[in-house]
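Structural overview for review
Next come the chains, spelled out residue by residue.
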Number of protein chains: 2
Amino acid sequence: MASDYHPEMRKIFTHFEQYIKLSEELRNELSARLELLTFKKGQMVHDANVVCTKSYFIQNGIFRTYFIKDGKEVTEFFSAEGEWVNSPRSFMQRKIDIYYIDAIEHTSTFCIQVNNLMYLFNHFPEMERYARLSMGTIFGHLLERITSMRFTTAKEKYEHFLQVYSDIHFRLPLGMIASYLGITQETLSRIRGER
Amino acid sequence: MASDYHPEMRKIFTHFEQYIKLSEELRNELSARLELLTFKKGQMVHDANVVCTKSYFIQNGIFRTYFIKDGKEVTEFFSAEGEWVNSPRSFMQRKIDIYYIDAIEHTSTFCIQVNNLMYLFNHFPEMERYARLSMGTIFGHLLERITSMRFTTAKEKYEHFLQVYSDIHFRLPLGMIASYLGITQETLSRIRGER
DNA sequence: GTGATTATTTGATGCAGATCAAAAATAATA
DNA sequence: TATTATTTTTGATCTGCATCAAATAATCAC
């Protein structure tokens, strides 16, 4: 019951338990393979020029995943507390991809190396299940994102964004939000200025 | 080596083997739980008003997943040979969702019931792995889709579409493509008409 | 095959939002 | 707290695409 794990691990264990039961053995393995890592505001987490071999579970703070288009930074995701962050295609397929990741504010994470994750997949089938189910959740988010990106006006896009990111939107710079939505800063500023 | 399974099952077995090894036992279970089903052109495959309890692996033909927005059909996906099709959130979370699915042309599929799939997940950990890995592939496609939907002009969107659907684009009606891209039929027609 | 539906093309017009430019506000740094 | 750098706001103009309308072409049903 009372655990001798790093007290910070409670959040991430709770996260896993949304999808699977954590055996004592798996808890131990996780605890041994997760490393507490913090990032300062503005610090780079992942560089697009290298293969992503780490995945970060955010304890608190915000990460931004972005890529460069025509010399400008384009936000692909914002990620906050309780989410795993990595460069998905790079991490999963061990190849270079377009995404950079940095910390929008001071952020503390648990980090796992891809080879450690593979070890867990190989020895704990429930980890495979966890991955399948949690990907299902994210999958749903991506679908909704795709739907919301078509047809809607800039204002509708922004309103949808406010719903999805209701708890962190006020911590995100306008310019990053605009590129996330695929509209210009000026347009977003005007939308906000209405009334 | 030589199998006594339905000869049509070769494609789907090959599909699984892109991700996992298929034991004889799992082959048998799959064979017992997959049902060959065909759909006529225009036939409805899934109705948004019910929970989606089946997933279809396309042998040949094309399905369209769409939803209704302001009284009009909006294409969310086209799916062709070698792909699983269902109403994702409905199928995974057993709830009603917005998607209808129909056959754009005569289509033959292998169909699995969700409860049969669950049985397989519970008895064959490699099926969990298969699901995780194959979802990773789809995940990558969704990411690319999201990226391509922002910033690009209607023409760029269409050109990207031609690449992604290079083998089936000519079998898809213009109007369905336009709604998939989030542009009007008229605009797509004009893009095609250039030169 | 022939009329009826449905899909695609073509034309004219209007507007949301991009682009360019520059001021104002906010934040970072010494 | 002054100085610089960055972010956000405001203004003026331009344009790609939506919208509305109607003709043409393709497909379907009998």
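Placed above this text is the structure.
What comes next concerns the included structure. No experiment lies behind these values; they were computed from the predicted model shown.

About the cut-offs
- Residues numbered from 1 in each chain as written.
- Chains lettered and ligands numbered in written order.
- Predicted model: local features only at pLDDT ≥ 70, side-chain atom pairs only at ≥ 80, totals over all residues.
- Heavy atoms only, no water.
- Buried < 20%, exposed > 50% of the residue type's maximum accessible area, 1.4 Å probe, protein only.
- Helix = DSSP H or I, 4+ residues; strand = E, 2+ residues; numbered from the N terminus.
- Arc of directions from axis to C-beta.
- Contact = heavy atoms within 4.5 Å.
- Least-squares fit on C-alpha atoms with pLDDT ≥ 70 in both.
- Near = heavy atom within 4 Å.
- Polar contact = N/O pair within 3.5 Å; in protein donor to acceptor, adjacent residues only side chain to side chain.
- Nonpolar A, V, L, I, M, F, W, Y, C, P; charged D, E, K, R; others polar.
- Salt bridge = Lys/Arg side-chain N within 4 Å of Asp/Glu carboxyl O.
- Pairing = 2+ DSSP bridges.

Residues and elements named next belong to chain A. Within the span of helix H6 (residues 154-164), buried status applies to Lys 157, Tyr 158, His 160 and Phe 161. Relative to the axis of H6, the buried residues are bounded by an arc of 160 degrees and lie together on one face. Those residues of H6 that are buried lie in contact with strand S5 (72-80), helix H5 (125-149), helix H7 (174-181) and helix H8 (185-193).

Rotating chain B by 180 degrees and translating it 0.0 Å along the rotation axis places it on chain A, where the RMSD comes to 0.0 Å. Within this description, the copies of the chain are treated as partners about a two-fold rotation axis. Residues of chain B ranked by C-alpha distance from the rotation axis are headed by B:Arg132, positioned 2.4 Å from it.

DNA strand C sits among 16 residues. The nearest are A:Ala154, A:Thr184, A:Thr187, B:Leu174 and B:Ser189. A breakdown of the atoms of DNA strand C within 4 Å of the protein gives sugar and phosphate a share of 53%. In the model, a phosphate oxygen of DNA strand C is placed 2.9 Å from a nitrogen or oxygen of the B:Gly175 main chain. Interatomic distance of 2.9 Å between a side-chain N/O atom of B:Ser189 and a phosphate oxygen of DNA strand C. For the surface near DNA strand C, the secondary structure elements donating two or more residues are H8 of chain A together with helix H7 (174-181) and helix H8 (185-193) of chain B. Residue contributions to the surface near DNA strand C peak at 4 residues, all from H8(B). Across the surface near DNA strand C, the residue classes break down as 4 nonpolar, 7 polar and 5 charged.

Of all residues adjacent to DNA strand D, which total 16 residues, the nearest are A:Leu174, A:Ser189, B:Ala154, B:Thr184 and B:Thr187. When atoms of DNA strand D within 4 Å of the protein are sorted by moiety, sugar and phosphate together comprise 58%. Residue B:Thr187 places a side-chain N or O atom 2.4 Å away from a phosphate oxygen belonging to DNA strand D. Between DNA strand D and the protein, one listed contact pairs a base oxygen with a side-chain N or O atom of B:Arg190 at 3.4 Å.

Counting residues at the interface gives 36 residues for chain B and 36 residues for chain A. On the surface where chain B and chain A come into contact, there are 6 salt bridges. Close ionic contact of A:Arg150 with B:Glu76 constitutes a salt bridge, the shortest N to O distance being 2.6 Å. Seen at the junction of chain B and chain A, the total is 16 residue pairs in polar contact (both at pLDDT 80 or more). For the side of chain B that touches chain A, the secondary structure elements donating two or more residues are strand S4 (62-69), strand S5 (72-80), helix H3 (88-93), helix H4 (114-123), helix H5 (125-149) and H7 of chain B. Top element by residues in the side of chain B that touches chain A is H5(B). It accounts for 17 residues. In the side of chain B that touches chain A, the residues fall into 19 nonpolar, 8 polar and 9 charged.

Residues and elements named next belong to chain A. Strand order in the open sheet formed by 4 strands is S1-S8-S3-S6, and the pairing between neighbours is antiparallel. Single-partner strands in this sheet number two, and they are strand S1 (35-39) and strand S6 (84-85). Alignment of strand S3 (residues 54-60) against strand S8 (residues 107-113), held across 6 bridges, turns out to be antiparallel. Following the sheet pairing, Phe 57 is matched in S8 by Phe 110.

The subject of this paragraph is the environment of A:Thr65. All names here are of chain A. Relative to the elements of secondary structure, Thr 65 occurs in strand S4 (residues 62-69). According to the relative accessible area criterion, Thr 65 is buried, its value standing at 1%. Sequence separation between Thr 65 and Asp 102 is 37 residues; the distance between their C-alpha atoms is 6.8 Å. Those residues in contact with Thr 65 that sit more than four places away from it in its chain are Val 74, Thr 75, Glu 76, Phe 77, Val 85, Tyr 99, Tyr 100 and Ile 101.

A separate point is the pattern of salt bridges. Counted according to the given criterion, the structure contains 24 salt bridges over all chains. A salt bridge links A:Glu17 to A:Arg27; its shortest N-O distance comes to 3.1 Å. Of this pair, A:Glu17 sits in helix H1 (residues 9-17) while A:Arg27 is found in helix H2 (residues 24-33), placing the two residues 10 residues apart along the sequence. Classification of A:Glu17 as partly exposed rests on a relative accessible area of 39%. When its relative accessible area of 18% is taken as the criterion, A:Arg27 is described as buried. A salt bridge links B:Asp102 to B:Arg64; the shortest N-O distance between them is 2.8 Å. Placement of B:Asp102 in strand S7 (residues 100-103) and of B:Arg64 in strand S4 is noted, with a sequence separation of 38 residues between them. Of the residues examined, B:Asp102 reaches a relative accessible area of 9% and is grouped as buried. Several salt bridges share partner residues, and in doing so they unite A:Arg64, A:Glu73 and A:Asp102 into one network.

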